[in-house]
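Here is what each chain is made of, one letter per residue.
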Amino acid sequence: MIRYGLQQEQAFRLAMTPELRQAITILQYSSVDLMSYLHEQADENPIIDLTEIDMSIKRISKEEEYAPRKNDNPVDLLDFVSNPADNLYRHLKAQLGMVRGLSKLQQTIAMFLIGNLNEKGYLELEVNTVAEILDVPTEEVENILALIQGFEPAGIAARSLEECLLLQLRYAGNDDVYLEEIVRHHMVNLSCNRIQKIADALGISIREVQQITDQIRKLNPCPGAAFAPYDHPYHIADISVEKSKNDYIVTVNDITVPRVGINPFYQRMLREQALGAEKQFLHEKMNTALWLIHSLEQRRLTLMRVAQAIVDRQWEFFEHGVHYLKPMTQKEIAESTGLHESTISRAISNKYMQTPRGLFELKYFFTSALGSKDGDAPSSESVKMRIKQLIDGEEKKKPFSDQAITELLAKEGLELSRRTVAKYREELGYLSSSRRKVY
């Protein structure tokens with residue numbers, strides 16, 4: 001029988017309040033993201049005052065302190081930085097401007113071709129298509145294309161990899177028949193390092209083919225890539241680790257983040273003048289600002305605890321290098337710090353640590369354990385470094401196969417499958433043994 005009634009029950013539940021959500025969000029922000037977030041909060045909340053830290057570095061000797069500057073033409077460091085506006089289009093347009101005797105139609109064709117080169121410097125449109133679009137003879141387009149292909153960088157405006165390489169060979173004045181034959185008809189075999197097959201097809205020795213292919217590999221398959229915009233990643237370290245005698249000092253780099261304070265004008269208004277709705281508004285904004293300050297401090301303390309635990313766990317890495325990097329999981333750090341595993345995950349997200357051995361993402365220190373005969377399991381990163389050493393030190397005429405590397409690692413007590421070795425080799429950017437072989 002179903003009965004209806006009222007029943008009172010007491011239970012504990014975690015409510016995701018806006019304040020808790022804000023604290024979680026702030027924890028997983030990097031220093032750069034946190035700066036943007038704080039400026040957004042300051043724009044929305046008049047009670048929040050941000051104090052930017054002056055990070056300019058001024059080093060003036062005693063002699064220079066009072067002496068007048070004599071250098072009327074100071075060196076601008078920006079003069080040594082490449083200008084992103086100097087792209088491939090501008091570069092080729094400048095060269096076109098130095099060609100005399102072109103008609104307006106020819107200049108139009110040339111500008112159209114230059115404007116349709118991709119970032120690698122290749123022309124993806126067919127000549128017939130260009131001729132139809134501009135309503136000009138195909139021969140005229142061919143002639144102008146040949147003109148542009150004589151510009152720098154060598155190999156520009158090619159329609160295929162083979163044409164790009166041939167243009168570079170002709171630009172260099174190389175008229176080797178076999179070299180041109182390999183570029184025209186044996187690029188697939190060359191990419192697979194099938195030197196013997198090429199030698200048999202051309203009727204020349206393996207050594208001759210190797211010498212020719214070495215020349216081809218020095219050519220640039222993407223002549224326009226040097227002018228493509230490139231974003232240089234710049235990371236600000238959230239954690240600094242410095243060695244002091246026999247200890248490592250961990251600090252949180254909050255110098256890049258503006259200081260959050262309370263605006264004294266609104267603070268005084270709330271205490272002395274505000275009434276009614278105005279007081280309620282200021283009171284809410286004050287609580288928001290105070291919670292933001294609390295969340296920032298909580299973030300700093302959490303990062304300190306997590307970073308210190310990482311340093312304690314990876315002590316040998318900081319002392320001796322990547323070969324001593326130990327397997328480590330987020331669960332282990334959570335247990336050692338008394339924090340939840342999800343908190344560890346947020347704390348290491350998008351964070352970087354500046355160490356005496358370089359700048360590392362915090363996630364770098366969390367690696368899986370691999371099998372070992374002696375029970376002292378190494379990390380995947382240290383094994384990758386060992387594979388790199390083996391390949392770098394191999395005899396180029398007899399490179400190690402993945403199976404050979406597996407067997408060499410097994411002799412050192414590292415138990416990996418051939419598939420795992422192949423995976424790590426590819427992640428390191430090395431080709432297979434058949435394609436690394438030099439004849």
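See above for the structure.
In this report, the structure presented in the accompanying data block is examined. (Residues numbered from 1 in each chain as written. Predicted model: local features only at pLDDT ≥ 70, side-chain atom pairs only at ≥ 80, totals over all residues. Heavy atoms only, no water.)

### A short note on the overall build of the chain
Rules: By definition, any uninterrupted DSSP run of H or I lasting at least four residues is a helix, any uninterrupted run of E lasting at least two residues is a strand, and each is numbered from the N terminus. Only protein chains enter the accessibility calculation, which uses a 1.4 Å probe. A residue is then buried if its area is under 20% of the maximum for its type, exposed if over 50%, and partly exposed in between. Contacts are residue-level and defined by heavy atoms, with any inter-residue pair within 4.5 Å sufficient. Residue burial considers only the protein chains on display, and all accessible areas are found by Shrake-Rupley using a 1.4 Å probe.
A tally of regular secondary structure across the chain gives 21 helices and eight strands. Residues counted as buried form 35% of the 439 residues belonging to the chain. Long-range contacts, defined as pairs at least 24 residues apart, comprise 62% of the intrachain contacts of the chain with a sequence gap of at least 6. Of the roughly 28200 Å² of accessible surface on the chain, a fraction of 50% belongs to carbon and sulfur atoms.

### Some thoughts on the packing of aromatic side chains
Test applied: Whether two aromatic rings pair depends on their centres lying within 6.5 Å, for rings of Phe, Tyr and Trp, where Trp uses its six-membered ring; planes under 30 degrees apart make the pair stacked, over 60 edge-to-face, and the rest tilted.
By the definition in use, this model includes 12 aromatic pairs. A ring pair is formed by Tyr248 and Trp315, whose centres lie 5.0 Å apart and whose planes are at 85°; its orientation type is edge-to-face. Of this pair, Tyr248 sits in strand β3 (residues 247–252) while Trp315 sits in helix α15 (residues 315–320), placing them 67 residues apart in sequence. The interplanar angle of 25° and the centroid separation of 5.8 Å between the aromatic rings of Phe318 and Phe365 together place this pair among those described as stacked. Taken together, the residues span a long stretch of sequence, with Phe318 in helix α15 and Phe365 in the loop between β6 (358–361) and β7 (371–372) at a distance of 47 residues. Put simply, the rings of Tyr248, Trp315, Phe317, Phe318, Phe360, Tyr364 and Phe365 touch in pairs and so form one group of aromatic residues.

### Section: the state of the cysteines
Rules: When two cysteine sulfur atoms are found within 2.5 Å, that pair is recorded as a disulfide.
Evaluation of the coordinates by the stated rule reveals zero disulfides. With no disulfide partner, Cys164 has as its closest neighbouring cysteine sulfur the one in Cys222, 7.5 Å distant. A relative accessible area of 0% places Cys164 in the buried class.

### Quick word on the packing of helix α14 (residues 276–313) against helix α17 (residues 341–348)
For clarity, the cut-off: In this analysis, axes come from line fits to C-alpha atoms, helices being fitted only over the stretch in contact, and the angle between any two N-to-C directions falls in the range 0 to 180 degrees. The labels follow the angle: roughly parallel below 35 degrees, roughly antiparallel above 145, roughly perpendicular from 65 to 115, and oblique for the rest. Under the grouping applied here, Gly and all other residues not named as nonpolar or charged are polar, the nonpolar ones being Ala, Val, Leu, Ile, Met, Phe, Trp, Tyr, Cys and Pro and the charged ones Asp, Glu, Lys and Arg.
The contact between α14 and α17 brings their axes to 10 Å, and the two run at 95°. On the basis of their axis angle, the class for α14 and α17 is roughly perpendicular. Taken together, the residues of α17 that come into contact with α14 (itself represented by Thr302, Leu303 and Val306) are Thr343, Ile344, Ala347 and Ile348. Among the residues making up the contact of α14 with α17, the classes are represented as five nonpolar, two polar and no charged.

### A closer look at the sheet that holds β3
To be explicit about the condition: When DSSP finds two or more bridges between two strands, those strands count as paired.
Strand order in the open sheet formed by four strands is β3-β2-β5-β6, with mixed pairing between adjacent strands. With one partner strand each, in any of the chains shown, β3 and β6 form the two edges of the open sheet. Mean inter-strand twist for the sheet, computed between neighbouring axes without regard to direction, equals 25°. The pairing of strand β2 (residues 239–244) with β3 spans six bridges and is classified as antiparallel. Counterpart to Ile239 in the pairing with β3 is Val252.

### Some words on the packing of helix α6 (residues 127–134) against helix α7 (residues 138–148)
The description of two packed helices rests on the angle between their axes and on the distance between the axes. Using the following cut-off: In a left-handed crossing the near helix is turned counterclockwise from the far helix by less than a right angle, and in a right-handed crossing that turn is clockwise.
Put simply, α6 and α7 touch, their axes get as near as 9 Å, and they point 115° apart. Handedness of the α6/α7 crossing: right-handed. In contact with Val127, Asn128, Val130 and Ala131 of α6, α7 contributes Thr138, Val141, Glu142 and Leu145.

### Some remarks on the nonpolar core
The condition is simple: Side-chain atoms within 4.5 Å link the members of a nonpolar core, which is a set of buried Ala, Val, Leu, Ile, Met, Phe, Trp, Tyr and Cys residues.
Core analysis: the largest hydrophobic core is formed by 28 residues, its most contacted members being Met353 and Phe365. Those elements giving two or more residues to this core turn out to be β2, β3, α14, α15, α16 (330–337) and α17. It is α14 that contributes the most residues to this core, six residues altogether. Sequence-distant contacts of Met353, that is, excluding residues within four places in its chain, are made with Ile239, Val241, Ala307, Val311, Phe318, Gly358, Leu359, Phe360, Leu362 and Phe365.

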